[in-house]
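Spelled out from the first residue to the last, the chains are:
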Amino acid sequence: INFDVETPTTLPPSKGSYFSSDDLKAPVLRFLQQYYTVYDSGDRQGLLEAYHDGACCSLSIPPIHGNPSRNTLGEYFKDSRNVKKLKDPTLRFKLLKHTRLNVVAFLNELPKTQHDIHSFVVDICAQTNTLLSFVVHGIFKEVDGKARDSVRAFDRMFVTVPAVNNGLCIVNDKLFVRNATTEEIRKAFVMPAPTPSSSPVPTLSA
Amino acid sequence: MAASVDFKTYVDQACRAAEEFINIYYETMDKRRRMLTRLYMDKATLIWNGNAISGQTALNEFFEMLPSSEFQVTMLDCQPVHEQATQGQTTILVVTCGSVKFDGNKQRFFNQNFLLTAQVTPANTVWKIASDCFRFQDLVL
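Let me begin by describing the structure that accompanies this report. Here the structure is a predicted model, which means the values were calculated and not measured.

### Regarding the overall build of chain A
Step number 1: Within chain A one finds 5 helices and 6 strands.
Step number 2: When the helices and strands of chain A are read in sequence order from the N terminus, they spell out α-β-α-α-β-α-β-β-β-β-α.
Step number 3: Looking at the 206 residues of chain A, the share that counts as buried comes to 47%.
Step number 4: Sequence separation of at least 24 residues holds for 65% of the intrachain contacts in chain A that already meet a minimum separation of 6.
Step number 5: Per element, the accessible surface of chain A, about 10500 Å² overall, is 53% carbon and sulfur.

So, in structure tokens, the structure goes:
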């Protein structure tokens, strides 16, 4: 006896980066290359040029069970903005970094990093004449401090507005950090890192 | 740039909208899937693990073939999107992470990133999804 109530159990296959058009792919990849060169340089002050005066930025990590000081994401815990857990409006406001100077000062305090640019998967999710928004998924490791060599995974959503020379200027930046899985650690940093160059750090969008 | 007292109002508004939105979104996804596209704008785009789906008809077809789901959201964050990017159309960024069990599949972790815009009529304000980007954390490519 058969009934026609079959329900789907197959998921669509996952695909790699979604760039929506080749016209957008080049500027977004160039932006990410330049952004992470500065971000990983040891001094993130140079990112000032990448942000709008009224930019905002927040960070979150997955909820921590048990004692946060013993968690390996402890370095990020005090800045983590999880609106599902934090009900106090003052704290919610405080953890959302607002204006360019505050955003870059905040980023400068985060652990020093090296990103594996070959791990990046990029989805361009919205574009209009005044807005380009994309999400970057990838892997980085920390290069100093007590969590040195820890491998992390991140998801980061940028909302940008057009800047001069086809550049992008960040108005919203949302960073999510978690521990990498065993599989992600195994695959990370298999491609050689770019050779350090003595040329000046490339200028960003502004 | 708006004074920071105004910015706090925007932040509070974004938080309220985001909290209400995720309750409705994931409950509709899990229990009333056929209604789900009503939360999307007519020309909304969903990027689902790298697959792009645009417009009401395509979204309807996509959600219909997606197995039934049980979502659990453990993290939510939101920001007001800068007015220069949105030409004055009130917009918020909403991000979530959590776990999902699709029927016939193992439980997996996910991240989801939304842009919501406020559709204001004289009677009320309705938030709609302008864009939606969903990825499993364990990318299988």
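Resuming the write-up.
### Observations regarding the side chain of B:Ser69
Residues and elements named next belong to chain B.
Step number 1: Considering the arrangement of structural elements, one finds Ser 69 in strand S3 (residues 69-80).
Step number 2: Within the structure, Ser 69 has its side chain in polar contact with the side chain of Asp 30 (distance 2.7 Å).
Step number 3: A polar side-chain atom of Ser 69 sits 3.1 Å from a polar atom in the side chain of Arg 33.
Step number 4: With residues up to four places along the chain from it excluded, the contact list for Ser 69 reads Met 29, Asp 30, Arg 33, Val 100, Lys 101 and Phe 102.

### Things to note about the nonpolar core
Where a protein is soluble and globular, its nonpolar side chains tend to be buried together.
Step number 1: Counting 40 residues, the largest nonpolar core has B:Tyr25, B:Trp48, B:Phe63 and B:Val94 as its most contacted members.
Step number 2: When contributions to this core are tallied by element, the ones reaching two or more residues are helix H1 (4-31), strand S1 (40-48), helix H2 (56-65), S3, strand S4 (91-102), strand S5 (108-120) and strand S6 (125-136) of chain B.
Step number 3: By residue number, the principal contributor to this core is H1(B), which donates 11 residues.
Step number 4: Leave out the neighbours within four places in its chain, and B:Val94 touches B:Ala18, B:Phe21, B:Ile22, B:Leu76, B:Asp77, B:Cys78, B:Gln112, B:Asn113, B:Phe114 and B:Leu116.
Step number 5: Residues A:Val38, A:Ala50, A:Leu132 and A:Val136 belong to the second largest nonpolar core, which totals 36 residues.

So, how was this worked out
Residues numbered from 1 in each chain as written. Chains lettered and ligands numbered in written order. Predicted model: local features only at pLDDT ≥ 70, side-chain atom pairs only at ≥ 80, totals over all residues. Heavy atoms only, no water. Helix = DSSP H or I, 4+ residues; strand = E, 2+ residues; numbered from the N terminus. Buried < 20%, exposed > 50% of the residue type's maximum accessible area, 1.4 Å probe, protein only. Contact = heavy atoms within 4.5 Å. Areas by Shrake-Rupley, 256 points an atom, 1.4 Å probe, with all protein chains shown as cover. Polar contact = N/O pair within 3.5 Å; in protein donor to acceptor, adjacent residues only side chain to side chain. Core = buried A, V, L, I, M, F, W, Y, C linked by side-chain atoms within 4.5 Å.

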